[in-house]
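Read off the chains here:
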Amino acid sequence: MKHFSFTRACSILLLILVFALAPAQTSAAAAPAKVKNLHMVCHGDRSVFLAWNKAEKASFYFVYRYNTSRKRYEKVAKTTLTHCQVKGLRVGKKYHFVVQAVQLSRSGLATRSPYSAAVTVKGKKVDVKAVHGRRWAVSVTRSFKAKNLVNGKTVSIKAGTSGQTNASSPSTITLFIKKDKKVIKVKTSRYNVRYGNLVLTKSYKYYSKAQAEAFINRPGYSSQTKWLIWVSQYSSSFHLFKGSEGEWKQVRSGPCVIGTYGHTAPGTFRLLKYGTASG
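Only a predicted model underlies this, so the values are computations on that prediction, with no experimental measurement involved.

Attention shifts here to the overall build of the protein chain. Of regular secondary structure, the protein chain possesses 2 helices and 18 strands. In the protein chain, which comprises 279 residues, the proportion classed as buried is 35%. Accessible surface for the protein chain amounts to roughly 18500 Å². Of this, 54% is attributable to carbon and sulfur atoms.

What follows covers the sheet that holds strand S17 (residues 237–242). Strand order in the open sheet formed by 3 strands is S16-S17-S18, with antiparallel pairing between adjacent strands. Strands at the two margins of the open sheet, each flanked by one partner only, are strand S16 (227–232) and strand S18 (249–255). Across this sheet, the average inter-strand angle for adjacent strands is 20°, counted without regard to direction. Sheet analysis places S16 next to S17, joined by 6 bridges and oriented antiparallel. Note on S17: the bridge partner recorded for Val-231 is Phe-238. Contacts between helix H2 (residues 209–217) and the sheet are confined to S16, S17 and S18, with S18 contributing the most and set at about 115° to the helix.

Let us now look at the layout of surface pockets. A volume near 1200 Å³ is recorded for the largest pocket. Lining the largest pocket we find 30 residues, and of these Ile-229, Trp-230, Gly-267, Thr-268 and Phe-269 sit closest to its centre. Looking at the lining of the largest pocket, the elements that each hand over two or more residues are H2 and S16. No other element matches the 6 residues that S16 contributes to the lining of the largest pocket. Of the residues assigned to the lining of the largest pocket, the class counts are 16 nonpolar, 11 polar and 3 charged. By volume, the second largest pocket amounts to about 620 Å³. If you trace the second largest pocket, you find 20 residues lining it, with Lys-129, His-132, Arg-135, Phe-176 and Val-183 closest to the centre. Broken down by secondary-structure element, the contributors of at least two residues to the lining of the second largest pocket are strand S12 (162–165), strand S13 (172–179) and strand S14 (182–189).

Let us now look at the sheet that holds strand S15 (residues 193–199). Pairing between sheet strands relies on hydrogen bonds along the backbone, with the strands arranged either parallel or antiparallel. Across the sheet, 5 strands lie side by side as S14-S13-S12-S9-S15; this open sheet has antiparallel pairing. Unpaired on one side and paired on the other, S14 and S15 mark the two borders of the sheet. Each strand axis lies, on average, 35° off the axis of its neighbour in the sheet, ignoring direction. Two strands pair when backbone bridges link them, and strand S9 (residues 135–140) and S12 are joined in this way by 4 bridges, in the antiparallel orientation. Paired with Val-138 across the strands is Gly-163, a residue of S12.

Of all 9 residues that make up H2, 7 are buried, and the element is covered over most of its length. Every buried residue belonging to H2 is among Gln-211, Ala-212, Glu-213, Ala-214, Phe-215, Ile-216 and Asn-217, and all of these are buried. Among the structural elements, strand S1 (39–44), strand S2 (47–51), S16, S17 and S18 are those in contact with the buried residues of H2.

Our focus in this paragraph is unusual backbone geometry. With a phi close to 55°, Arg-46 is a non-glycine residue in the positive phi region. Within the fold, Arg-46 resides in the loop between S1 and S2.

As a working rule, side chains carrying opposite charge can pair if their charged atoms are close by. By the definition in use, this model includes 5 salt bridges. The shortest N-O distance in the salt bridge between Lys-209 and Glu-213 comes to 2.7 Å. A residue pair is termed a helical-turn pair when its members lie 3 or 4 positions apart in one helix, as Lys-209 and Glu-213 do in helix H2 at 4 residues. Assessed through its relative accessible area of 41%, Lys-209 is described here as partly exposed. Overall, the relative accessible area of 4% leaves Glu-213 in the buried class. Several salt bridges converge on common partners, so that one network encompasses Arg-70, Arg-72 and Glu-74.

What follows deals with the confidence of the model for the protein chain. Predicted confidence across the protein chain gives a mean pLDDT of 85, with 85% of residues reaching 70 or more. Per-element confidence in the protein chain ranges from a low mean pLDDT of 42 for helix H1 (residues 6–21) to a high of 98 for strand S3 (residues 60–67). In the model, residues 9–27 has pLDDT below 50 throughout and makes 3 contacts with residues more than four positions away in sequence or in other chains.

The rules behind the values
Residues numbered from 1 in each chain as written. Predicted model: local features only at pLDDT ≥ 70, side-chain atom pairs only at ≥ 80, totals over all residues. Heavy atoms only, no water. Helix = DSSP H or I, 4+ residues; strand = E, 2+ residues; numbered from the N terminus. Buried < 20%, exposed > 50% of the residue type's maximum accessible area, 1.4 Å probe, protein only. Areas by Shrake-Rupley, 256 points an atom, 1.4 Å probe, with all protein chains shown as cover. Pairing = 2+ DSSP bridges. Axes fitted to C-alpha atoms, helices over the stretch in contact; angles between N-to-C directions. Contact = heavy atoms within 4.5 Å. 1 Å grid on protein atoms, 1.4 Å probe; cavity = no way out; pocket = protein on both sides within 12 Å on 5 of 7 lines; lining within 4 Å. Points joined across faces, edges and corners; volume = space filled by probe spheres on them. Nonpolar A, V, L, I, M, F, W, Y, C, P; charged D, E, K, R; others polar. Salt bridge = Lys/Arg side-chain N within 4 Å of Asp/Glu carboxyl O. pLDDT = per-residue confidence, 0-100.

Shown next as structure tokens:
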């Protein structure tokens, strides 16, 4: 019969105590900081643009909207950015939003911060669809039938009808025509129309501040400075914004020159140098 020695028994007991006193190993992720400065940037068409400060240790963010019937916050968006557009709002209804930072560990374990302070906004109607690129005046040279892209109904377009198009080179174009005091939109061959001059509005106030901010914040434009300039070749106007990606606020707008018949090239550009003209 074998017996444990007193020395060996003490060694085993000491080993058990070491394991018991050793700190537990965990793969939990470090808790991210609470999101601060949640605010509304601007309204969109039945939507809202929200932004907040970057939270330390955040891998991404959850955006929540309060459900008044269920009396709880429900997730409506996930983003790695510090701004977000939330759509589907009802005009005139109040909404409450909060944002939560989430940190992921290497093992995929998520740790969440507390909710941010809530921000309350109202749904609003902003006609963002009215903002568009340059268009040319056209006259239909022969009658044709096409589907109205607005409601899906088939419409007859007669020869001689006046309209506008936003493209001059592709073989298939989108045609905008006023009919029964409404604008219908159809696709047709560019060879079915005769082109005129570039269409320009007579007032640079064609776009409101709300329209301009909703239009410029949606695509996620960025700038190497705190300034962004949008030149509308349709309304012959410039709109100056201050802020950053997803947080642009218009500070000034006015008329500008865009070149004869729309020869100014469209696109996104960066100013390399500026100065004061002399003479």
